[in-house]
Amino acid sequence: MKCPFCSKTETRVLSSRPSDEGHAIRRRRECDACHRRFTTYERAQLEALMVRKRSGRLEAFQPDKLLEKLRVATNKRPVTEKQLREFAYGLEDEVHAARIDAAEIGRRALSFLQRIDDVAYIRFLSVYRDFDSVERFIEEIRQLGDRADHEPAASKARDAEEARPDDPATDDADATDPDRSDRSGDA
Ligand SMILES: [Zn+2]
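What counts, and where the lines are drawn
Residues numbered from 1 in each chain as written. Predicted model: local features only at pLDDT ≥ 70, side-chain atom pairs only at ≥ 80, totals over all residues. Helix = DSSP H or I, 4+ residues; strand = E, 2+ residues; numbered from the N terminus. Buried ≥ 20, exposed ≤ 12 C-beta atoms within 10 Å, placed from the backbone. Contact = placed C-beta atoms within 7 Å. Pairing = 2+ DSSP bridges. Arc of directions from axis to C-beta. Core = buried A, V, L, I, M, F, W, Y, C linked by C-beta atoms within 7 Å. Axes fitted to C-alpha atoms, helices over the stretch in contact; angles between N-to-C directions. Parallel < 35°, antiparallel > 145°, perpendicular 65-115°, else oblique. Left-handed = near helix turned anticlockwise from the far one by under 90°. Nonpolar A, V, L, I, M, F, W, Y, C, P; charged D, E, K, R; others polar.

Draft legend 1. Summary view of the overall build of the protein chain. Helix and strand counts for the protein chain come out as 8 helices and 5 strands. Along its sequence from the N terminus, the protein chain presents helices and strands in the succession β-β-β-β-β-α-α-α-α-α-α-α-α. Counting all 187 residues of the protein chain, 10% fall into the buried class. Sequence-distant contacts, at least 24 apart, represent 42% of the contacts inside the protein chain between residues at least 6 apart.

Written out as structure tokens, the structure reads:
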């Protein structure tokens, strides 16, 4: 909990007691940096979190629905329920602070899946991204394949060069060829 006076994150709870007839917890806190005191209230969030759609309309953000879609996409894949929950519920704070809109939630979900499992990523992509053509979808998958093949392709090229000992340009090129270090940097 950030100190509202100096924004340092090290604050201590001095006391904690029920408030509002048990509907809230009142906590008295002190900042370790500036030693000022402040009060926080913790209560259940009952009103829906709203997120803005591309059309401008607001709709309720439902992490459980997102979680269900992620479960379908990752079915029988090496992804844990914990990973999915951390991601879906991790978005709540950002929605609450209105830092992200509905489209951004979709983008975050895609990049989250892309990082953890290609198959789940493709499943989610095929269902929830609006592709205007089959070609665009295939292009997306092709690019994913290119990224996955990048490293093996580079080492194949290296093998091919090593198999030509009569070419003087390949001698101790490994350490000095700037082209090659660029390529491995991209991978
Ligand atoms: Zn402070």
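Draft legend 2. Quick peek at the pairing of strand S2 (residues 24-31). Here 8 bridges tie strand S1 (residues 11-19) to S2, and the two strands are oriented antiparallel to one another. Paired with Pro 18 across the bridge in S2 is Ile 25. A loop of 4 residues connects S1 with S2, the two strands running antiparallel in sequence, and Asp 20 in this loop sits at a positive phi of about 50 degrees. Direction of pairing for S2 relative to strand S3 (residues 37-43): antiparallel, over a ladder of 7 bridges. Of the residues in S3, the one forming a bridge with Arg 26 is Tyr 41. The antiparallel pairing of S2 with S3 creates a hairpin that spans 5 residues between the two strands, and His 35 there sits at a positive phi of about 65 degrees.

Draft legend 3. Seen up close, helix H5 (residues 118-128). Buried within H5 we find Ala 120, Tyr 121, Phe 124 and Leu 125. Buried residues along H5 cover an arc of 135 degrees about the axis, so they all sit on one side.

Draft legend 4. Quick look at the nonpolar core. Counting 15 residues, the largest nonpolar core has Leu 70, Ala 73, Ala 109, Leu 113, Ala 120, Tyr 121 and Phe 124 as the members making the most contacts within it. Of all the secondary-structure elements, those providing two or more residues to this core are helix H1 (63-73), helix H2 (81-90), helix H4 (102-116) and H5. At 4 residues, H5 tops the list of elements feeding residues into this core. What Ala 120 contacts, discounting residues up to four positions off in sequence, is Ala 73, Thr 74, Arg 77, Val 79 and Leu 113.

Draft legend 5. Structural context of the environment of Phe 38. Following the sequence through the fold, Phe 38 ends up in strand S3. Separated by 34 residues in the primary sequence, Phe 38 and Pro 4 have C-alpha atoms spaced 8.0 Å apart.

Draft legend 6. Inspection of unusual backbone geometry at higher detail. The backbone of Glu 21 shows a phi angle near 50 degrees, a positive value even though the residue is not glycine. When you line up the elements, Glu 21 lands in the loop between S1 and S2. Of note, Lys 76 is a non-glycine position whose phi angle comes to about 60 degrees, a positive value. Structurally, the position occupied by Lys 76 is in the loop between H1 and H2.

Draft legend 7. Layout of the sheet that holds S3. The strand order across the open sheet built from 3 strands is S1-S2-S3, with neighbouring strands paired in antiparallel fashion. Of all the strands in the sheet, just S1 and S3 have a single pairing partner and so form its edges. Pairwise comparison of adjacent strand axes, ignoring direction, gives a mean angle of 25 degrees for this sheet.

Draft legend 8. Main features of the packing of H4 against H5. Running from amino to carboxyl end, H4 crosses H5 at an angle of 155 degrees, the nearest separation of the two axes being 8 Å. By the criterion of interaxial angle, the relationship of H4 to H5 is roughly antiparallel. The interaxial crossing formed by H4 with H5 has left-handed handedness. In this structure, H4 uses Gly 106, Ala 109, Leu 110, Leu 113 and Gln 114 to contact H5, whose residues at the interface are Ala 120, Tyr 121, Phe 124, Leu 125 and Tyr 128. Within the contact of H4 with H5, the residues separate by chemical class into 8 nonpolar, 2 polar and no charged.

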